[in-house]
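# Tertiary structure, described
Chain by chain, the residues run as shown.
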Amino acid sequence: MKKFLDKRGSFGSRFGAIVAVGGSVVGLGNIWRFPYLAGENGGGAFIIAYILISFSVAVPIMLAEFGIGRSVRRNAKRAFQKLAPGKGWKAIGYLGIATAFVILSYYCVVAGWALNFLKQAALNQFEGKNILEINQQFNAFISSGWSSLFWTWTFIAATGIIVYLGVEKGIERYNKIFMPLLVLILIILVINSFTLPGYEKGFSFLFKPDLSKINGEVLLKALGQSFFSLSLGMGAMITYGAYIKKEENLFHIAGTVSITDVSVAILSGMAIFPAVFALGINPTSGPELIFITLPNVFQQMPGGYYVGVLFFILVFFAAITSSVSLLEVVTAYISQEMRLGRKRASIIATLGVVLTGSLCVISQTPESTLTLGGKNLVDFCNDFSSNYMLPIGGFFIVLFAGWVMKPEIFQSELTSKGVFGKHIYPIVRFLIRFVTPIVIALLFMDLTGLI
Ligand code: PHE
């Protein structure tokens, strides 16, 4: 961020703000989580639900977070303290910190898988292996214990070092190069898809939706995915909002970031599903979907060795700019609450993630009896954070922005004192006050069988 911050500690330009927020937003959520969820939840039907929810529910929350953050220029917990002193709203801040921690615990494990795949791609270890062998190799790896621990720790260490040294701002400037490269490589993979036998099946799975598949559960998963992918519901965007200049157009920033995020996710789906069908892989394979599909694709395409290595480097980069934004939240909290310097706080936060991340890895070994809600800890943390913690956080954030915060302050903040979005603002306000909280509440009631 620093590169983009001016003397007053704001992003120097709109582009700078978009690049920094984009670093947090684009990550494993787009490349890994979106495709496997789409595969499990009916393909096209899920995509429709996801797009609808992203733009009617999630984007208003992003605007609410930006507005809250920029109006007081504080991080999540402090922002609520300042805007509603003495009231319970700062609990949203606590929930956000807990959520960041739960997400980090499994995010680092999955990023560790990507690092291991980078190694295997670089050493050409997928060569000559068929789908079955790659699948077995992947399963052996995640249930291996030590090997998986090693890569998880490597990723946590990389994230921790960046936050410890405070160089996340320096790293973010590479987003300008790496993000377009990621998009480019996804486009190359999509083009390559057309050469695969039976690719049409993949595209029709994605783009010929069977609307009868949309039910409460699919909608709730789409909701969780759009929160996760847009880094919403835990206050990360409140912190970023605090760095956006007062005269900047928040609608423009939120619009650009969310369109980019949704596009990267859909591109990723288009890069994967034709291959899934061409290779006879089950689209409902779950979290391993991209890991078992892509090595086969790289093997078959011309220049696939280089494409594969570059792809996993870019996935690593996308993941680390997101994990850094998560570890920041936890570090800032520990530093404030325990009155510790940032460096010490970052060490404590990192060690905490080493512990919980390791438990997640151990819970995937065959001997393990570590489960929560009948799931191993990776699956539990993954599902619980996105399907429950983020939407609940988001629910209270919009209630706060729509019903508690002074309407004049909120309006003046979102519209930069009436300069931007005169016509959009009333719509956004309506979405924030009514649509977003009601949709979240209805989905939860449906889930718990109340309706
Ligand atoms: N949005 C990130 C991704 O898609 C994950 C994330 C969630 C980052 C919440 C920060 C906060 O990978």
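### Remarks on the packing of helix 4 (residues 76-83) against helix 5 (residues 90-122)
Running from amino to carboxyl end, helix 4 crosses helix 5 at an angle of 175°, the nearest separation of the two axes being 7 Å. Judged on the interaxial angle alone, helix 5 and helix 4 are roughly antiparallel. Side by side, helix 4 and helix 5 meet where K77, F80 and Q81 of the first sit next to K90, I92, G93 and Y94 of the second. Class assignment of the residues belonging to the contact of helix 4 with helix 5 gives a composition of three nonpolar, two polar and two charged.

### Topic: empty space enclosed by the protein
One pass over the structure, following the stated rule, counts four cavities of 30 Å³ or more. For the largest cavity, the calculated volume is near 140 Å³. As for the largest cavity, its lining consists of 16 residues, and the residues nearest its centre are S24, F228, S231, S322 and L326. At the level of elements, helix 1 (14-25), helix 5, helix 11 (216-229) and helix 15 (304-337) are the ones that each hand at least two residues to the lining of the largest cavity. The dominant element in the lining of the largest cavity, judged by the number of residues it contributes, is helix 15, at three residues.

### A closer look at a positive patch on the surface
There is a patch of like positive charges on the surface, built from R74, R78, K82 and R339. Here R74 shows up in the loop between helix 3 (44-72) and helix 4.

### A look at the packing of helix 1 against helix 9 (residues 175-193)
Relative to each other, helix 1 and helix 9 sit at 60°, their axes nearing to 10 Å. Between helix 1 and helix 9, the interaxial angle falls into the category oblique. The handedness of the crossing between helix 1 and helix 9 is left-handed. From helix 1, F15, V19, G22 and G23 reach across to helix 9, where they touch N175, K176 and M179. In the contact of helix 1 with helix 9, the residues fall into three nonpolar, three polar and one charged.

### Points about the packing of aromatic side chains
Under the counting rule described, the total for this entry stands at 37 aromatic pairs. With a centroid separation of 6.0 Å and an interplanar angle of 90°, the aromatic rings of Y94 and Y333 are classed as edge-to-face. With Y94 in helix 5 and Y333 in helix 15, this pair connects stretches of sequence that are 239 residues apart. On the basis of relative accessibility, which here comes to 33%, the residue Y94 falls in the partly exposed class. Taken together, a centroid distance of 5.5 Å and an interplanar angle of 20° make the contact between F138 and F291 stacked. Of the two residues, F138 sits in helix 6 (residues 131-142) while F291 sits in helix 14 (residues 289-300), which places them 153 residues apart along the sequence. Taken as a pair, F138 and F291 share a single burial class, namely buried. An aromatic cluster is defined as three or more aromatic residues linked by ring pairs; in this entry it consists of W113, F117, F126, F138, F291, F298, F311 and F312. Note that R33 overlies the ring of F228, its terminal NZ or CZ placed 5.3 Å from the centroid. The ring of Y164 has K343 sitting right over it, with the charged end atom 4.8 Å from the ring centre.

What counts and what doesn't
Residues numbered from 1 in each chain as written. Predicted model: local features only at pLDDT ≥ 70, side-chain atom pairs only at ≥ 80, totals over all residues. Heavy atoms only, no water. Axes fitted to C-alpha atoms, helices over the stretch in contact; angles between N-to-C directions. Helix = DSSP H or I, 4+ residues; strand = E, 2+ residues; numbered from the N terminus. Parallel < 35°, antiparallel > 145°, perpendicular 65-115°, else oblique. Contact = heavy atoms within 4.5 Å. Nonpolar A, V, L, I, M, F, W, Y, C, P; charged D, E, K, R; others polar. 1 Å grid on protein atoms, 1.4 Å probe; cavity = no way out; pocket = protein on both sides within 12 Å on 5 of 7 lines; lining within 4 Å. Points joined across faces, edges and corners; volume = space filled by probe spheres on them. Patch = residues over 30% accessible without salt bridge, like charges linked within 9 Å, V, L, I, M, F, W, Y side chains within 5 Å. Areas by Shrake-Rupley, 256 points an atom, 1.4 Å probe, with all protein chains shown as cover. Salt bridge = Lys/Arg side-chain N within 4 Å of Asp/Glu carboxyl O. Lys, Arg positive; Asp, Glu negative; His and termini not counted. Charge placed at Lys NZ, Arg CZ, Asp CG, Glu CD. Left-handed = near helix turned anticlockwise from the far one by under 90°. Phe/Tyr/Trp six-rings, centres within 6.5 Å; stacked < 30°, edge-to-face > 60°. Buried < 20%, exposed > 50% of the residue type's maximum accessible area, 1.4 Å probe, protein only. Lys NZ or Arg CZ within 6 Å of the ring centre and 35° of its normal.

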